[in-house]
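As a plain string of letters, each chain reads:
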Amino acid sequence: MTLPDAIRTESLTKYYGAVVALESLDLTVATGEIYGFLGPNGAGKTTTIRILLDLVRATSGRARVDGLDCRAASVDVRRRIGYLPAEMPLYREMTGIAYLQFLAALESRRVDESYRRKLFARFDVSDIDLRRRLDHLSHGMKRKFGIIQALMGRPPLLILDEPTSGLDPLMIEAFAETVHELKTEGRTTIFLSSHVLSEVERLCDRVGIIRRGKLVRQTSIADLRRDTPRRLRVFFDGAAPSPPSSLAAAVRRSDTRHWELEWPGPLGGVLDALQGLADIEIEPFKLEDYVLKIYSGTPGAGA
Amino acid sequence: MFVALVRRSFARHRALIAALTALLSAFQILDIVVAYKLQQNAVYSQFAAMVPSFIQEAMGGALVGTFLGAIAVGFVHPLVMLSLSCAAIYLASEPAGEVEEGLVDLVVARPVPRHVIVSRSMVVYVTGTFVVVAAMFATSRATVHWLMPGQAHVVAASRLAWLAFNLLAIVWSLGAAALAFASHVRERARAAGTIALLAVFLYLLQFGAAAWEPLRPFARVSPFHYYATMQTLMGQVTPATHIAGLLTAAVILLGVAYVLYERRDL
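Since the structure is predicted, the reported quantities are computational estimates derived from the model, not experimental observations.

Residue and element names in this part refer to chain A. As for its position among the elements, G166 is in the loop between β7 (157-161) and α7 (169-185). Along the backbone, G166 and T95 are 71 residues apart, and their C-alpha atoms lie at a distance of 20 Å. Not counting residues up to four positions away in its chain, the partners in contact with G166 are H139, G140 and R143.

A few words now on the environment of G128 of chain B. All names here are of chain B. Looking at the element boundaries, G128 is found in helix α8 (residues 114-147). Between the alpha carbons of G128 and F218 there is a distance of 30 Å; along the sequence they are 90 residues apart. Other than its neighbours up to four places away in sequence, G128 contacts H13, I17, A87 and L91.

Residues and elements named next belong to chain A. Taking strand neighbours across the sheet as the criterion, the four strands line up as β12-β13-β11-β14 in an open arrangement whose pairing is antiparallel. Across the chains shown, the open sheet's two edge strands, defined by having one partner strand only, are β12 (251-254) and β14 (277-282). Direction aside, neighbouring strands of the sheet carry axes that sit 20° apart on average. Inspection of the sheet shows strand β11 (residues 230-236) paired to β14 by five bridges, in the antiparallel sense. Residue pairing in the sheet places F235 in a bridge with D279 of β14.

Right, let's talk about the packing of helix α9 (residues 157-182) of chain B against helix α12 (residues 240-263) of chain B for a bit. Residue and element names in this part refer to chain B. In contact at an axis separation of 8 Å, α9 and α12 are set at 20° when each is read in the N-to-C sense. Between α9 and α12, the angle is such that the two are roughly parallel. Viewed along their axes, α9 and α12 form a crossing whose handedness is left-handed. When α9 is examined against α12, the residues F165, N166, A169, I170, W172, S173, A176, A177, L179 and A180 are found in contact with a partner set consisting of H242, I243, L246, L247, A249, A250, L253, L254, V256, A257 and L260. For the contact of α9 with α12, the per-class residue count stands at 18 nonpolar, three polar and no charged.

Here we take up the sheet that holds strand β4 (residues 60-65) of chain A. All names here are of chain A. The strand order across the open sheet built from four strands is β2-β1-β4-β5, with neighbouring strands paired in antiparallel fashion. On the outer flanks of this sheet lie β2 (19-29) and β5 (68-69), each paired with one strand and no other. Relative to β2, strand β1 (residues 7-16) is paired through seven bridges, and the arrangement is antiparallel. Bridge pairing links R8 to T28 in β2.

Counting residues at the interface gives 19 residues for chain A, matched by 17 residues for chain B. Of all the secondary-structure elements, those providing two or more residues to the side of chain A that touches chain B are α2 (74-79), β6 (81-84) and α3 (96-105) of chain A. Across the side of chain A that touches chain B, the residue classes break down as 13 nonpolar, one polar and five charged.

Turning our eyes to something else, we now look at the pairing of strand β8 (residues 189-193) of chain A. Taken residue by residue, a regular strand's side chains alternate between the two faces of the sheet. Residues and elements named next belong to chain A. Of all five residues that make up β8, five are buried, and the element is covered over most of its length. Of the two faces of β8, both are covered, the one formed by T189, F191 and S193 as well as the one formed by I190 and L192. Where strand β3 (residues 34-38) meets β8, four bridges bridge the pair, whose relative direction is parallel. Note that in β8 the partner of G36 across the bridge is L192. With five bridges joining them, β7 and β8 adopt parallel strand pairing. Within β8, the position partnered with D161 by the bridge is S193.

Time to look at helix α12 (residues 287-295) of chain A. Residues and elements named next belong to chain A. Of the positions making up α12, those classed as buried are L287, Y290 and V291. The buried residues of α12 all sit within an arc of 90° when viewed along its axis, so they share a single face. Those residues of α12 that are buried lie in contact with β3, α8 (197-203), β9 (206-211) and α9 (221-227).

On to the nonpolar core, then. As a rule of thumb, soluble globular proteins bury nonpolar side chains together. Core analysis: the biggest nonpolar cluster contains 141 residues, and I89, L167 and A178 of chain B have the highest contact counts within it. Residue contacts for I89 of chain B: discarding those within four places in its chain leaves L174, G175, A178, A192, I195, A196 and A199 of chain B. Counting five residues, the second largest nonpolar core, distinct from the first, contains L232, W259, L261 and V270 of chain A.

All names here are of chain A. Pairing of β1 with β4, which is carried by five bridges, proceeds in the antiparallel orientation. Bridge pairing in β4 links T13 to S60. Inspection of the sheet shows β4 paired to β5 by two bridges, in the antiparallel sense. Counterpart to R64 in the pairing with β5 is D69.

One can expect most non-glycine residues to show negative phi and most peptide bonds to be in trans. Residues and elements named next belong to chain A. Here the phi dihedral of D66 falls at roughly 50°; this positive angle occurs in a residue that is not glycine. If you trace the backbone, D66 turns up in the loop between β4 and β5. Classification of D66 as buried rests on a count of 20 C-beta atoms within 10 Å. Positive phi, close to 50°, is recorded for R154, a residue that is not glycine. For R154, the location among the structural elements is in the loop between α6 (139-151) and β7. The class of R154 is partly exposed, set by 17 C-beta atoms lying within 10 Å.

With that settled, consider the packing of helix α5 (residues 78-92) of chain B against α8 of chain B. The description of two helices packed together rests on the angle between their axes and the distance between the axes. Residues and elements named next belong to chain B. It is at 8 Å that the axes of α5 and α8 come closest, and there the two elements cross at 155°. Accordingly, the angle class assigned to the pair α5 and α8 is roughly antiparallel. Relative to α8, α5 is oriented so that their crossing is right-handed. Taking contact as the criterion, the partners of L84, A87, A88, L91 and A92 in α5 are, on α8, S121, V124, Y125, G128, T129 and V132. Within the contact of α5 with α8, the residues separate by chemical class into eight nonpolar, three polar and no charged.

Thresholds applied
- Residues numbered from 1 in each chain as written.
- Chains lettered and ligands numbered in written order.
- Predicted model: local features only at pLDDT ≥ 70, side-chain atom pairs only at ≥ 80, totals over all residues.
- Helix = DSSP H or I, 4+ residues; strand = E, 2+ residues; numbered from the N terminus.
- Contact = placed C-beta atoms within 7 Å.
- Pairing = 2+ DSSP bridges.
- Axes fitted to C-alpha atoms, helices over the stretch in contact; angles between N-to-C directions.
- Parallel < 35°, antiparallel > 145°, perpendicular 65-115°, else oblique.
- Left-handed = near helix turned anticlockwise from the far one by under 90°.
- Nonpolar A, V, L, I, M, F, W, Y, C, P; charged D, E, K, R; others polar.
- Buried ≥ 20, exposed ≤ 12 C-beta atoms within 10 Å, placed from the backbone.
- Arc of directions from axis to C-beta.
- Core = buried A, V, L, I, M, F, W, Y, C linked by C-beta atoms within 7 Å.

Shown next as structure tokens:
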């Protein structure tokens with residue numbers, strides 16, 4: 001028997017008055033997958049997440065989590081989700097530990113104390129930090145409490161909105177380590193919205209890119225890596241020859257000493273065609289370049 | 001889950017509840033001590049003559065200038081009624097505050113049914129105001145016993161309890177209106193402020209109706225209209241009908257709150 005998708009939206013549409021927040025969004029996230037949900041500010045990422053959590057109601061269309069309708073089986077859906085909002089709401093007057101205990105009391109499953117202790121250790125949260133009032137903590141420390149509250153119930157689906165915003169590099173590493181660990185265990189699906197594209201590229205199996213409420217592209221990082229044209233700079237001993245016909249269309253710029261090419265697919269074809277090569281620079285694939293083209297609406301960047 | 005939410009809400013509002021309890025209980029003591037001094041100096045008849053008749057009527061009738069009437073002031077004074085009403089309104093407006101502060105993203109993102117949020121706020125505003133009025137009642141009784149050990153029967157505890165319950169019914173109906181409005185809007189100040197202003201307006205409507213005949217038909221919409229202070233204290237009426245009417249209005253408004261909160265975007 002095949003497992004239902006962890007998340008599936010069908011023609012999901014949301015209007016706020018005359019403003020279109022989402023328009024016919026069809027999204028699928030497989031169980032066990034780490035999915036990066038990308039888009040510029042105001043693209044509809046948070047609205048999508050809030051519909052999944054039944055915090056806002058779709059104007060039309062459906063959203064499902066583990067095959068359950070997010071509206072009709074809202075409580076069952078939320079039982080499966082650990083959520084980290086982009087802007088961490090806090091009861092400022094509470095201590096860190098009281099905050100986590102309060103949130104644990106709202107969970108349907110018992111929070112494993114040993115796992116919580118492990119998270120404290122990993123995110124470097126000391127007993128002193130736990131006893132301090134939340135309004136006395138730094139932004140980064142508050143963010144750590146946000147991550148811990150989302151993870152501590154060991155939910156099968158994690159929805160993390162800008163998880164590493166405000167974290168220092170060590171803590172970003174701790175977060176990445178946690179994500180890898182959850183992926184290895186294979187029990188957790190992670191739906192991650194982020195503007196840190198290097199992080200998405202590193203952590204995610206697939207990405208969905210949303211712009212102005214519409215899903216522009218949904219693909220795996222591996223496919224993107226394969227399909228995105230690579231930028232090469234080829235230097236020659238002496239004067240650069242005329243590009244052979246097999247490369248002519250790919251050459252973007254050339255002068256007497258070098259060519260600049262954008263080449264889609266495996267690079268073997270380029271290397272075979274090159275004669276008199278002195279040096280070659282190949283820019284590594286960067287999700288950022290691809291995504292920025294989509295954000296800016298460059299033709300041909302989307303699907 | 002429900003207990004955790006109720007405890008959290010009480011923790012957030014404990015200063016307000018404690019301060020109001022202390023203030024209104026102190027008011028009872030002050031009121032009865034002043035009444036006792038007036039009685040000792042036999043100045044009630046002069047006092048009654050100084051108060052215009054429409055104010056006497058608004059405050060419960062001709063018995064204003066009596067010791068019994070002075071005790072009732074502790075439960076009928078505009079400051080008491082409006083401060084209690086505003087406290088109930090503020091406590092009941094918490095759902096709008098949670099949306100405004102984003103706290104709802106933490107709470108309702110967990111397996112917490114939406115109706116639990118409304119039930120939580122209902123329990124908190126009903127219990128919070130009950131605690132304040134119970135303390136006022138206990139303080140009033142204790143002060144009468146302290147000052148007039150032999151004459152505490154002047155005000156029967158059961159009559160004072162009816163008065164207190166009638167006051168609570170008014171406060172609860174206004175709290176229910178605030179909860180219904182807070183289940184629709186996104187800002188707590190808007191929810192609490194609007195209903196608090198409405199409460200003041202309804203109080204003035206009832207007060208004005210005592211002085212100006214044409215206003216009387218409209219005073220029926222004011223919950224303060226259903227508060228027959230002196231008749232209740234004298235045992236002339238039992239305000240069960242008034243209380244039932246006010247509680248029915250509260251239940252209807254709470255029903256509206258559940259429906260609105262269930263349907264809204266958070």
